[in-house]
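Fold and geometry: a report
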Amino acid sequence: AQSVTQPDIHITVSEGASLELRCNYSYGATPYLFWYVQSPGQGLQLLLKYFSGDTLVQGIKGFEAEFKRSQSSFNLRKPSVHWSDAAEYFCAVGPNFGNEKLTFGTGTRLTIIP
Amino acid sequence: EAGVAQSPRYKIIEKRQSVAFWCNPISGHATLYWYQQILGQGPKLLIQFQNNGVVDDSQLPKDRFSAERLKGVDSTLKIQPAKLEDSAVYLCASTLTGAHEQYFGPGTRLTVT
């Protein structure tokens, strides 16, 4: 069964500092991996996705993530965070065929301090 | 392009009452999902539709939850009777046939007192 672990429940960073959010997955084959962001009272917005090819993927809002098969990880990074990045971030894994359910991690809440 | 629409945005009911949520997916999206997101957790799939047929409802508590997608477009999710542990955000998502990216609505926040 597929699963996702986000080991950090809550992270606080200063505005302008770099950010890395961790995600580890368990899946029997090559997975499809996603990062979603959820602002308070909002639905989930897709930040980026990995299907195949280049293991470093670029997303919206200046985010990027790197797929490391050997470590079963898909960590999200941003070189310089902005106050507007404060939100909940979810990593998700899905099978490598379409229209199948996603399994989400428990999320990491990001707080930005001035 | 309009996104996934959901209503109501907020609902407060007493336990043992019934409640219904509505979702209108993105036009042309044949696959529709309902997720339950309990506070502090990630979304958990309740039911998946392909057009008006159910693909996966293995995690739907069928003794109290029901869902339908008449005509393969709009969908409703009903809870009857509600329990305190049903307090959560109910998210609707949709995708194109064969696609991987799910597009989410704003959710309905349910509070059961």
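Residues numbered from 1 in each chain as written. Chains lettered and ligands numbered in written order. Predicted model: local features only at pLDDT ≥ 70, side-chain atom pairs only at ≥ 80, totals over all residues. Heavy atoms only, no water.

1. A few points about the interface of chain A and chain B
The partner chain B presents 26 residues to the 23 residues of chain A that form the contact. Summed over both partners, the interface of chain A with chain B buries about 1,700 Å², with 49% contributed by carbon and sulfur atoms. At the junction of chain A with chain B, the criterion picks out one salt bridge. In this structure, the connection of chain A to chain B is made through three residue pairs in polar contact (both at pLDDT 80 or more). Of the residues contributing to the side of chain A that touches chain B, the split by class is eleven nonpolar, nine polar and three charged. (Contact = heavy atoms within 4.5 Å. Buried area = accessible area lost by both parts, 1.4 Å probe. Salt bridge = Lys/Arg side-chain N within 4 Å of Asp/Glu carboxyl O. Polar contact = N/O pair within 3.5 Å; in protein donor to acceptor, adjacent residues only side chain to side chain. Nonpolar A, V, L, I, M, F, W, Y, C, P; charged D, E, K, R; others polar.)

2. Points about unusual backbone geometry
Both trends apply: most residues other than glycine have a negative phi, and most peptide bonds are in trans. Residue and element names in this part refer to chain B. Cis geometry marks the peptide bond from Ser7 to Pro8, where omega comes out at -10 degrees. The residue Pro8 is located in the loop between strand E1 (5-7) and strand E2 (10-13) in this model. Cis geometry is found at the peptide bond from Gln80 to Pro81, where omega equals -5 degrees. With respect to the element layout, Pro81 can be found in the loop between strand E8 (75-79) and strand E9 (88-95). (Helix = DSSP H or I, 4+ residues; strand = E, 2+ residues; numbered from the N terminus.)

3. Examining the layout of surface pockets
By rolling a water-sized probe across the atoms, one finds the places where empty space is left. Of the voids in this model, the largest pocket is the one considered here, and its volume is about 620 Å³. What lines the largest pocket is a set of 32 residues, among which A:Gln38, A:Glu88, B:Gln37, B:Leu39 and B:Arg109 lie closest to the centre. Listing elements by their share of the lining of the largest pocket, those giving two or more residues are strand E10 (87-94) and strand E12 (108-113) of chain A together with E9 and strand E11 (108-112) of chain B. The leading source of residues in the lining of the largest pocket is E11(B), at four residues. (1 Å grid on protein atoms, 1.4 Å probe; cavity = no way out; pocket = protein on both sides within 12 Å on 5 of 7 lines; lining within 4 Å. Points joined across faces, edges and corners; volume = space filled by probe spheres on them.)

4. Some thoughts on empty space enclosed by the protein
Residue and element names in this part refer to chain A. Per the stated rule, a full pass over the model turns up two cavities of 30 Å³ or more. Here the second largest cavity defines a volume of roughly 40 Å³. Together, Val37, Ser39, Lys61, Ser84, Asp85, Ala87 and Tyr89 line the second largest cavity. Considering only residue class, the lining of the second largest cavity consists of three nonpolar, two polar and two charged.

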